[in-house]
Amino acid sequence: MNRGVEIRALTKNFVLTRWSGFRRSVSEIVAVDGINLDVPAGQSVALIGPNGAGKSTTIKMLTGILHPTSGEASVLGFIPWRDRRKLAYSVGAVFGLRSQLWYHLPPGDTFELLARIYNLRRPDFIQTRDLLIDRFNLGPFMQTPVRKLSLGQRMRAEVVASLLHRPKILFLDEPTIGLDVIARQELRDLIREWNHNDGTTVFLTSHDAGDIEHVAERVIVVNHGHVVVDGAVDAVRRKYLGSKILRVQFHGTPARIAMAGVTSLSHSEYEWKMQVDTTITPVGQVTAAVLDAGSVADIAIEDPPLEEVIARIYSGDRREESS
Amino acid sequence: MRSSALRYGWIGYTAARSNMAYRGEVLFRSSFLAVILYIFMRLWTVVYAESKNGRIAGMTLPQMLWYLVITEAVFMSAPRIWAEVDQDVRTGRLAVQLIRPLSYTAGHLSRAMGERVVRFAINLIIGSIVALFLVGPIAMSIRGLAMFAVVLPVAFVLDFFGMFLVGLSAFWLESAAGIALIYSRSVMLFGGMFLPLEVYPDALQPVLRILPFASMVSAPGRMFVNPSLALLKESLITQGVAVVAYAGLVSTVQFIAFRRLFSNGG
C-alpha cells in the first residue's frame, strides 16, 4: 500500500539575526504555523498561497531539505528530514524556473544519467523511458540538444526526467511558467493523465489558476503559515464565491431582466452573459426569469473562474488580518 | 558500492560529454596557451643564456618549457566549481539538488573531474604541439608517465576541494568571487605555475612546499619532466596530507553550512 503524506502540527520558525553596529538583535519569523494535513496516495493537490505564505517552506520540509522547528511529518512512511536520501528515490520534482536537464546535451543523455542516479534496472528504465517519450511526444527531439528545444518541449522533457524512476510523489513548482496556451494545456493534460494512470501523488504549487483547475482535485490555500482553505477544487469554488455565470442565447431580442444580485457582464442582441449572486437570488429563480424573457436557444450555468475565487480568499484573509 | 561508483562515474562521463559540446570554445581558449608558451619561451631563452650550466631549478630549457606546458594545462583546465556552488547557494538551486539521492560534494567532484579531463586533454595536445615546435621532445619513459598519471588526478582532486571550499563561503558572504580571485592567484603564484618553486628565495621554498598549491600545479609538472621514485614518494606524501586536511575541512565547513541550510533555508 502506497502511503501518502501525513503532517501533524508542523511548525517552522526562521531565526533572523540583525547587526546594528556591534549590537546583535535576534528575531523569529513563523513561516509555517502548526499545519495539519493528510494527503492520501494518488491524490493531486494544489498548494497555493501568496508569496511568503509558507508553501515552499512546507514543500522543503516534506522533501527533507528543511528541518522543522516542531511537529511531525510522514511522507510515504519516511520522516523526510531524517530519511532524505531514502525518500529521494520515491520523489520526483519539476521546478519551472530551474532545469535539471544538461543544457548542451540531448534529453536522452540526462535520462541515461538519471537511470544511474536512481539505480534503475535497465529493462525497467527502457520501458518507462519509451512509454514517457511516446506519451509526452518527445521522440522527434530526443537527439536535439536541450538548448535548441522550445520552452514547451523542454518542460515536457523536464517532466519526463522527473518521472523516469516512477516516483510515488511528484512535486511541481510552477511547471507551466512561461509556456504558451497550447503547451500549457498539453502539459496539464499529461500530468493529470499520469496522476490518474500511475497513481502518482501530485503536489502542485502554482500562481496559475488554470494549472490548479486542470491538474488538482484538491486545493489547499496557505497564508501566514496556516491552512486557510482546504477542500475539493469545485467545492472551494462554490463555497467561496457564491455566484454563478449564466450564459444565454436567444432566438430573438429578449426583454430586459432587473433582479437583485444579477449583474450583466456582456450583452448583445441575441446573447446575454450575467453574473448571479446566489446568496441574494437563487440561480433557479434567475433561470426562470430568463426563460420568461424570450425564446431561449441555449443556456449554460458556469462556475466563475478560479482566479476570482483565489483573489477573494486572499483578500478575505487580508481583511481578517486588518480588522 | 558498485552502483555508487557507476552513478558518480556516469556524472563525470556526462560532464565530459557536455564539455565536448564546447569544443570550439575550449579550443579557442586553449589557443591562448600557445601565446603564453611562446612568450615564456622567449623569456626563458634570455634567462638561460645567462645561466652557467644551462640548467635552472634542475631543468634544461626544453624541460622548462615542457614543465610550463603541464602547469599551464593544469591551471587552465580548472572548471569554475566555486561559481557553481556560489550559484547553488544564492539561487536556491541547492535545494533542488538535495532532492536527488546523491552526495552534494561527490556529485560536484564527479562533474568537475569529467569537465577537467576534457579541458586538460585539449590543453595538453595544444601545449605539446607548441613545445614540440619550439624545443622538440624531452626524454620520457612509460614509468615516468605512469608516475605522472598517479600524481595528476590527486592534484585535480585537491584543486577541487580548494574551489569547493571557496564556493561554500557563499553561505556567509555576499559573493564568493573575491575569495575565488585570491585563491586562483595563490595557485598561480605559490603553486609554481610560471616559475618552478626552486626559483623562489630559499627561505620561502619550505613554506611553499607544504602549502597545497604546489601539490596541485608544481607536483605534476615536475613529475612529467623529471620523474623519479623519490619525487613520487615526496609528492604523494604531501598530496596525501593535503587531501586528508582538505577533506576534513570541506566536511566540517559543509556540515556547518548545511546545518544552517536545514535550519534556516536556502
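Residues numbered from 1 in each chain as written. Chains lettered and ligands numbered in written order. Predicted model: local features only at pLDDT ≥ 70, side-chain atom pairs only at ≥ 80, totals over all residues. Heavy atoms only, no water.

1. Comments concerning the overall build of chain B
1) Next: For chain B, the helix and strand inventory stands at 12 helices and 0 strands.
2) Next: Its helices and strands in sequence order give chain B the pattern α-α-α-α-α-α-α-α-α-α-α-α, from N to C terminus.
3) Next: A globule of 266 residues ought to have a C-alpha radius of gyration of about 18 Å, and chain B, at 19 Å, matches this closely.
4) Next: Oriented by its inertia axes, the alpha-carbon framework of chain B measures out at about 65 × 40 × 35 Å.
5) Next: Evaluated residue by residue, chain B yields a buried proportion of 52% over its 266 residues.
6) Next: A separation of at least 24 residues holds for 80% of the contacts in chain B among residues at least 6 apart in sequence.
7) Next: For chain B, the accessible area works out to roughly 12,200 Å², and carbon and sulfur atoms hold 70% of it.
8) Next: Side-chain charges of chain B comprise 22 positive and 12 negative groups, with the mean position of each set lying 7 Å from the other. (Helix = DSSP H or I, 4+ residues; strand = E, 2+ residues; numbered from the N terminus. Rg over C-alpha atoms; globule rule 2.2 N^0.38 Å. Buried < 20%, exposed > 50% of the residue type's maximum accessible area, 1.4 Å probe, protein only. Contact = heavy atoms within 4.5 Å. Areas by Shrake-Rupley, 256 points an atom, 1.4 Å probe, with all protein chains shown as cover. Lys, Arg positive; Asp, Glu negative; His and termini not counted. Charge placed at Lys NZ, Arg CZ, Asp CG, Glu CD.)

2. A few points about the interface of chain A and chain B
1) Next: Listed as interface residues are 30 residues of chain A and, on the opposing side, 29 residues of chain B.
2) Next: Carbon and sulfur atoms supply 62% of the area that chain A and chain B bury against each other, a total of about 2,900 Å² over both sides.
3) Next: The largest contributions to the chain A side of the interface with chain B come from A:Ile65, A:Trp102 and A:Arg116, which together make up 23% of the buried area.
4) Next: Inspection of the region where chain A meets chain B yields 1 salt bridge.
5) Next: Between B:Arg17 and A:Asp109 there is a salt bridge, with the nearest N and O atoms lying 2.2 Å from each other.
6) Next: Where chain A meets chain B, there are 8 residue pairs in polar contact (both at pLDDT 80 or more).
7) Next: Counting only elements with at least two residues in the side of chain A that touches chain B, the list comes to β1 (5–20), α2 (84–88), β5 (91–95) and α3 (107–117) of chain A.
8) Next: Considering every element that reaches the side of chain A that touches chain B, the biggest residue donor is α3(A), with 6 residues.
9) Next: Split by residue class, the side of chain A that touches chain B holds 15 nonpolar, 7 polar and 8 charged. (Buried area = accessible area lost by both parts, 1.4 Å probe. Salt bridge = Lys/Arg side-chain N within 4 Å of Asp/Glu carboxyl O. Polar contact = N/O pair within 3.5 Å; in protein donor to acceptor, adjacent residues only side chain to side chain. Nonpolar A, V, L, I, M, F, W, Y, C, P; charged D, E, K, R; others polar.)

3. Remarks on the sheet that holds strand β11 (residues 262–267) of chain A
Residue and element names in this part refer to chain A.
1) Next: Taken in spatial order, the 4 strands line up as β11-β12-β10-β13 in an open sheet, and their pairing is antiparallel. Every interior strand has two partners, whereas the edge strands, β11 and β13 (296–302), have only one. Taking the axes of each pair of neighbouring strands and ignoring which way they run, one obtains an average angle of 20° across the sheet.
2) Next: Across the sheet, helix α9 (residues 283–293) touches β10 (243–250), β11, β12 (271–277) and β13, and the angle it forms with β10 is around 15°. (Pairing = 2+ DSSP bridges. Axes fitted to C-alpha atoms, helices over the stretch in contact; angles between N-to-C directions.)

4. What about the pattern of salt bridges?
All names here are of chain A.
1) Next: As enumerated under the stated definition, the model contains 23 salt bridges over all chains in all.
2) Next: Asp 198 serves as the salt-bridge partner of Arg 166, at 2.5 Å between the closest nitrogen and oxygen. Of this pair, Arg 166 sits in the loop between α5 (151–163) and β6 (169–173) while Asp 198 sits in helix α6 (residues 181–198), and the two are 32 residues apart along the sequence.
3) Next: Judged by relative accessible area, Asp 198 falls into the partly exposed class, the value being 30%.
4) Next: Because the salt bridges share partners, they merge into one network encompassing Glu 112, Arg 116, Arg 122, Arg 129 and Asp 130.

5. A few points about a nonpolar patch on the surface
1) Next: Residues B:Phe32, B:Val35, B:Tyr38, B:Ile39 and B:Leu43 make up a contiguous nonpolar surface patch of roughly 490 Å² in combined accessible area.
2) Next: Structurally, B:Tyr38 is set in helix α2 (residues 23–50). (Patch = residues over 30% accessible without salt bridge, like charges linked within 9 Å, V, L, I, M, F, W, Y side chains within 5 Å.)

6. So, unusual backbone geometry
1) Next: A positive phi is found at A:Arg166, a non-glycine position, where the angle reads about 45°.
2) Next: Accessibility expressed as a relative area gives 35% for A:Arg166, which makes it partly exposed.
3) Next: The backbone of B:Ala57 sits at a positive phi, close to 55°, despite the residue not being glycine.
4) Next: For B:Ala57, the location among the structural elements is in the loop between α2 and α3 (61–76).

7. Description of empty space enclosed by the protein
1) Next: Evaluated as defined, the whole model comprises 3 cavities of 30 Å³ or more.
2) Next: Volume-wise, the largest cavity comes out at about 70 Å³.
3) Next: As for the largest cavity, its lining consists of A:Val91, A:Ala93, A:Val94, A:Phe95, A:Arg98, A:Gln100, A:Tyr118, A:Glu158, B:Val96, B:Ile99 and B:Arg100.
4) Next: The dominant element in the lining of the largest cavity, judged by the number of residues it contributes, is β5(A), at 4 residues.
5) Next: A class-by-class count of the residues in the lining of the largest cavity yields 7 nonpolar, 1 polar and 3 charged. (1 Å grid on protein atoms, 1.4 Å probe; cavity = no way out; pocket = protein on both sides within 12 Å on 5 of 7 lines; lining within 4 Å. Points joined across faces, edges and corners; volume = space filled by probe spheres on them.)

8. Topic: the pairing of β12(A)
Residue and element names in this part refer to chain A.
1) Next: In this sheet, β12 lies alongside β10 in antiparallel orientation, the contact comprising 7 bridges. Considered in β12, the bridge of Gln 249 is made with Glu 271.
2) Next: Across 5 bridges, β11 lies against β12 in antiparallel orientation. Bridged to Ser 266 within β12 is Lys 273.
3) Next: Connecting β11 to the antiparallel partner β12 that follows it, the hairpin turn spans 3 residues.

9. What to know about the layout of surface pockets
A water-sized probe rolled over the atoms picks out the places where empty space is left.
1) Next: Of the volumes computed, that of the second largest pocket is approximately 740 Å³.
2) Next: A:Lys55, A:Ser56, A:Thr57, A:Lys60 and A:Asp173 are the residues nearest the centre of the second largest pocket, which is lined by 34 residues in total.
3) Next: Of all the secondary structure elements, the ones that give two or more residues to the lining of the second largest pocket are α1 (55–62), β6 and β7 (201–205) of chain A together with α5 (93–98) of chain B.
4) Next: Here the lining of the second largest pocket takes 5 residues from α1(A), the largest share from any one element.
5) Next: Of the residues that constitute the lining of the second largest pocket, the class distribution is 14 nonpolar, 15 polar and 5 charged.

10. Considerations on the packing of α3(A) against α5(A)
All names here are of chain A.
1) Next: The interhelical angle for the contact between α3 and α5, taken along N-to-C directions, is 15°, at an axis separation of 10 Å. Overall, the two elements α3 and α5 adopt an arrangement that is roughly parallel. Classified by chirality, the crossing of α5 by α3 is right-handed. Where α3 approaches α5, its residues Pro 107, Phe 111 and Leu 114 are matched on the opposing element by Ala 157, Val 160 and Ala 161. (Parallel < 35°, antiparallel > 145°, perpendicular 65-115°, else oblique. Left-handed = near helix turned anticlockwise from the far one by under 90°.)

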